[in-house]
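Summary of structural features
If you want the building blocks of each chain, they are given just below.
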Amino acid sequence: MPTNAPSAAHALTDVTASDRTLRRFLHGLPGVDAVGLEARAASLGTRSIKTTAKAYAIDLAISMVDLTTLEGADTPGKVRALGAKAVRPDPTDRTAPPTAAVCVYPDMVPVAKEAVAGSTVKVASVATAFPAGRAPLSVKLADVREAVAAGADEIDMVIDRGAFLAGDYGKVHEEITAVKEACGTAARLKVIFETGELSTYDNIRRASWLGMLAGADFIKTSTGKVAVNATPANTLLMLEAVRDFRAQTGVQVGVKPAGGIRTSKDAIKFLVLVNETAGEDWLDNHWFRFGASSLLNDLLMQRQKLATGRYSGPDYVTVD
């Protein structure tokens with residue numbers, strides 16, 4: 001049975017003994033064949049999904065959505081409405097599954113907790129100076145502790161991309177480790193790389209392993225706040241990383257693509273990537289999430305079409 005990252009004394013502990021050993025390991029990872037990676041992602045995206053499997057995939061995708069609002073104009077009313085939608089995505093159909101979580105800024109955590117009380121929906125909170133990650137570690141840790149104290153079940157942190165791109169892997173590892181400690185046993189940690197700013201697939205592979213070595217429960221592509229977010233290719237690369245990490249350590253880590261996934265067709269392509277790359281063990285919202293709020297409405301419309309034979313259109317779902 002695979003274990004969560006924080007509880008396992010894994011076989012790669014010596015890799016993080018020093019900056020030198022960490023650098024040697026990360027730069028010793030196999031280079032990424034960009035052409036091959038993109039070709040495989042594109043090929044898996046052409047798989048045909050039949051009606052019965054499609055219905056299952058749509059419900060699975062709904063259950064994997066982190067319904068998110070991260071705007072300066074967020075209000076308690078908006079967060080309550082988001083929580084209600086997460087708990088019952090389709091008020092006309094009680095068979096529609098709830099989403100995995102609602103994701104909000106730390107100050108909105110108490111409102112979100114109240115909104116989803118009594119349900120399986122988790123409350124996630126972005127922290128560590130989201131989305132730029134440009135703040136002293138003490139500020140980042142205070143951000144995390146306040147969110148956890150308010151009841152957050154999950155923390156989505158951003159790495160210091162400047163430190164990573166400068167090759168200061170030790171600093172990035174230290175920050176992730178400290179944030180994981182601040183989460184305690186109350187909250188799972190998702191580590192956001194902002195893959196669109198990492199420039200190369202090799203960097204995405206290194207960041208994936210760095211996050212897992214530091215104790216991430218999830219590795220996440222993006223904040224959704226930059227031009228390039230989740231893609232099939234960068235998600236495939238991260239799925240390969242969690243698969244290989246579990247093979248070496250026995251520790252299972254989740255994956256969350258975020259940003260740019262808007263349609264049911266997109267979501268199903270990503271589920272095929274999960275199944276064909278990491279395997280069935282990751283086809284569960286404990287191990288795979290979508291950070292894509294606009295996706296939920298399309299999933300609901302496609303679900304209604306499969307059930308009734310009619311395409312209801314956007315007027316029949318709530319506007320986030």
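Parameters at a glance
- Residues numbered from 1 in each chain as written.
- Predicted model: local features only at pLDDT ≥ 70, side-chain atom pairs only at ≥ 80, totals over all residues.
- Heavy atoms only, no water.
- UniProt positions renumbered as here; feature names shortened; annotations may be inferred.
- Core = buried A, V, L, I, M, F, W, Y, C linked by side-chain atoms within 4.5 Å.
- Buried < 20%, exposed > 50% of the residue type's maximum accessible area, 1.4 Å probe, protein only.
- Helix = DSSP H or I, 4+ residues; strand = E, 2+ residues; numbered from the N terminus.
- Contact = heavy atoms within 4.5 Å.
- Phe/Tyr/Trp six-rings, centres within 6.5 Å; stacked < 30°, edge-to-face > 60°.
- Lys NZ or Arg CZ within 6 Å of the ring centre and 35° of its normal.
- Salt bridge = Lys/Arg side-chain N within 4 Å of Asp/Glu carboxyl O.

Going by what an unreviewed UniProt entry lists, the protein chain is known as Deoxyribose-phosphate aldolase and is assigned to Streptomyces spinosisporus. According to its UniProt record, the protein chain has this under Sequence similarities (unreviewed entry): "Belongs to the DeoC/FbaB aldolase family. DeoC type 2 subfamily." Word for word, the UniProt comment on the protein chain under Pathway (unreviewed entry) is "Carbohydrate degradation; 2-deoxy-D-ribose 1-phosphate degradation; D-glyceraldehyde 3-phosphate and acetaldehyde from 2-deoxy-alpha-D-ribose 1-phosphate: step 2/2."

Moving on, we come to the nonpolar core. V102, I155, W209, I219, L271, F288 and F290 are the most contacted members of the largest nonpolar core, which has 94 residues in total. With eight residues, helix α10 (residues 232-249) is the largest single contributor of residues to this core. Look past the residues within four positions of F290 in its chain and what remains in contact with it is A61, M64, V65, D66, K256, P257, I261, A267, F270, L271 and L295. In this structure, L70, C103, V158 and I192 belong to the second largest nonpolar core, which totals seven residues.

With that settled, the discussion passes to the packing of aromatic side chains. How two aromatic rings sit relative to each other is given by the distance of their centres and the angle of their planes. Enumeration over the complete set of coordinates arrives at six aromatic pairs. Plain terms: the ring middles of F270 and F290 are 6.4 Å apart, the flat faces sit at 85 degrees to each other, and that makes the pair edge-to-face. One end of the pair, F270, is in helix α11 (residues 264-277); the other, F290, is in the loop between α11 and α12 (293-308), and 20 residues separate them in sequence. With relative accessibility at 5%, the residue F270 sits in the buried group. Three or more aromatic residues joined by ring pairs make a cluster, and in this case those are F25, W209 and F245. The aromatic ring of W287 is capped on one face by R188, whose charged end is 5.4 Å from the ring centroid.

Here we come to the pattern of salt bridges. Within the structure shown, the criterion is met by 22 salt bridges. In this structure, the salt-bridge partner of K78 is D74, at a minimum N-O distance of 3.5 Å. Judged by relative accessible area, which is 35%, K78 ranks as partly exposed. Accessibility expressed as a relative area gives 12% for D74, which makes it buried. Between D156 and K190 there is a salt bridge, with the nearest N and O atoms lying 3.0 Å from each other. A residue pair is termed long-range when its members are at least 10 positions apart, and D156 in strand β4 (residues 154-158) and K190 in strand β5 (residues 188-192) qualify at 34 residues. Accessibility expressed as a relative area gives 0% for D156, which makes it buried. You can call K190 buried: its relative accessible area is 1%. When salt bridges with common partners are traced through the structure, they connect D66, E154, D156, K190, K220, K256 and R289 into a single cluster.

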